[in-house]
Amino acid sequence: MEAETLALAQEIDFSMWALFARATLIVKLVMLMLIVASFWAWSIIIQKLITYRKARREAEIFDRRFWSGEPLDELFEEIGPDPAGQSERIFAAGMMEWRRSHRTDGALIAGATARIDRSMDVAIAKESEQLQSGLSVLATVGSTAPFIGLFGTVWGIMNAFIEIAEQQNTNLAVVAPGIAEALLATGLGLLAAIPAVIFYNKLSADCDRIVANYEAFADEFATILSRQLDS
């Protein structure tokens, strides 16, 4: 009897595709949802890694230009009012408000410093929002995927026990396929969740550091303009 059961179990296909094909409709939908969530999370991860690397590189290049001693007006003329780089856009926002704060006779309008600070704060907020876009998806996938996979597992095991009851048979050939199909859903849930959680933490920290550098630059730039106002 044991030899017959073992022979039947060896004939069962336990490949990923076979497990998916044998699963019930609900478990299949759960697996497909988790696969889509995993691909979505990885697309965001790759995009953000590239975006943050470009942002850091752009900030380094602009910092060298900004502190090279080149007059700020000339630097602003070179990059224009609508530059491509994030640091350049923050600088441009401050410079445009600086120029708007001058009357036709060359005198400064009162409250120029506060307006320049607000202009750069708005520019930083826009850049921060763009850098953070998509991170909420990683947080959602990381927190929900294990539970979605667990739901698929519970549903699959429930159907496996129903099949056992209907066949009145508890040998390995009957039990193993249903249990394996159910556990596959949990595995897919963890496969989607673990990278999402790891990279959400990493990318959030990277984003915070980039935004902190923007804020530090804005403070330094505002200090330079403040000296010119006081001189």
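A short tour of the structure in this document, coming up. (Residues numbered from 1 in each chain as written. Predicted model: local features only at pLDDT ≥ 70, side-chain atom pairs only at ≥ 80, totals over all residues. Heavy atoms only, no water.)

**Some details on the packing of aromatic side chains**
Tallied over the full model, the rule gives 12 aromatic pairs. An angle of 80° between the planes, with centres 5.9 Å apart, marks the rings of F66 and F91 as edge-to-face. Linking F66 in helix α3 (residues 25–66) with F91 in helix α5 (residues 86–100), this pair joins segments that are 25 residues apart in sequence. Accessibility expressed as a relative area gives 4% for F66, which makes it buried. Judged by relative accessible area, F91 falls into the buried class, the value being 0%. Taken together, the ring pairs in this structure connect F62, F66, W67, F76, F91, F217 and F221 into an aromatic cluster. (Phe/Tyr/Trp six-rings, centres within 6.5 Å; stacked < 30°, edge-to-face > 60°. Helix = DSSP H or I, 4+ residues; strand = E, 2+ residues; numbered from the N terminus. Buried < 20%, exposed > 50% of the residue type's maximum accessible area, 1.4 Å probe, protein only.)

**A word on a negative patch on the surface**
Residues D63, D121, E215, D219 and E220 make up a contiguous surface patch of negative charge. If you tally residues by element for the negative patch, the top one is helix α8 (residues 172–230), at three residues. Along the polypeptide, E220 turns up in helix α8. The exposure class of E220 is partly exposed, given its relative accessible area of 37%. (Patch = residues over 30% accessible without salt bridge, like charges linked within 9 Å, V, L, I, M, F, W, Y side chains within 5 Å. Areas by Shrake-Rupley, 256 points an atom, 1.4 Å probe, with all protein chains shown as cover. Salt bridge = Lys/Arg side-chain N within 4 Å of Asp/Glu carboxyl O. Lys, Arg positive; Asp, Glu negative; His and termini not counted. Charge placed at Lys NZ, Arg CZ, Asp CG, Glu CD.)

**Overview of the layout of surface pockets**
Here the largest pocket is characterised by a volume of approximately 190 Å³. As for the largest pocket, its lining consists of 14 residues, and the residues nearest its centre are A59, E60, D63, N213 and Y214. Broken down by secondary-structure element, the contributors of at least two residues to the lining of the largest pocket are α3 and α8. Taken together, the residues of the lining of the largest pocket break down into eight nonpolar, two polar and four charged. (1 Å grid on protein atoms, 1.4 Å probe; cavity = no way out; pocket = protein on both sides within 12 Å on 5 of 7 lines; lining within 4 Å. Points joined across faces, edges and corners; volume = space filled by probe spheres on them. Nonpolar A, V, L, I, M, F, W, Y, C, P; charged D, E, K, R; others polar.)

**Comments concerning helix α6 (residues 112–132)**
Helical geometry note: an α-helix holds 3.6 residues per turn, so side chains three or four residues apart project in the same direction. End to end, α6 covers 30 Å across 21 residues, agreeing with the expected 30 Å (1.5 Å per residue, within 8%). Within α6, the full set of buried residues consists of A112, I116, S119, M120, A123, I124, E127, S128 and L131. In the stretch just after α6, G134 is the one whose phi turns positive, near 100°. (Expected span 1.5 Å × (residues − 1).)

**Remarks on the environment of S38**
Within the element layout of this structure, S38 appears in helix α3. Exposure remark for S38: the relative accessible area of 14% places this residue in the buried category. For the pair S38 and L138, spaced 100 residues apart in the sequence, the C-alpha separation amounts to 9.4 Å. Beyond its immediate stretch of four places on either side in the chain, S38 contacts L191 and A192. (Contact = heavy atoms within 4.5 Å.)

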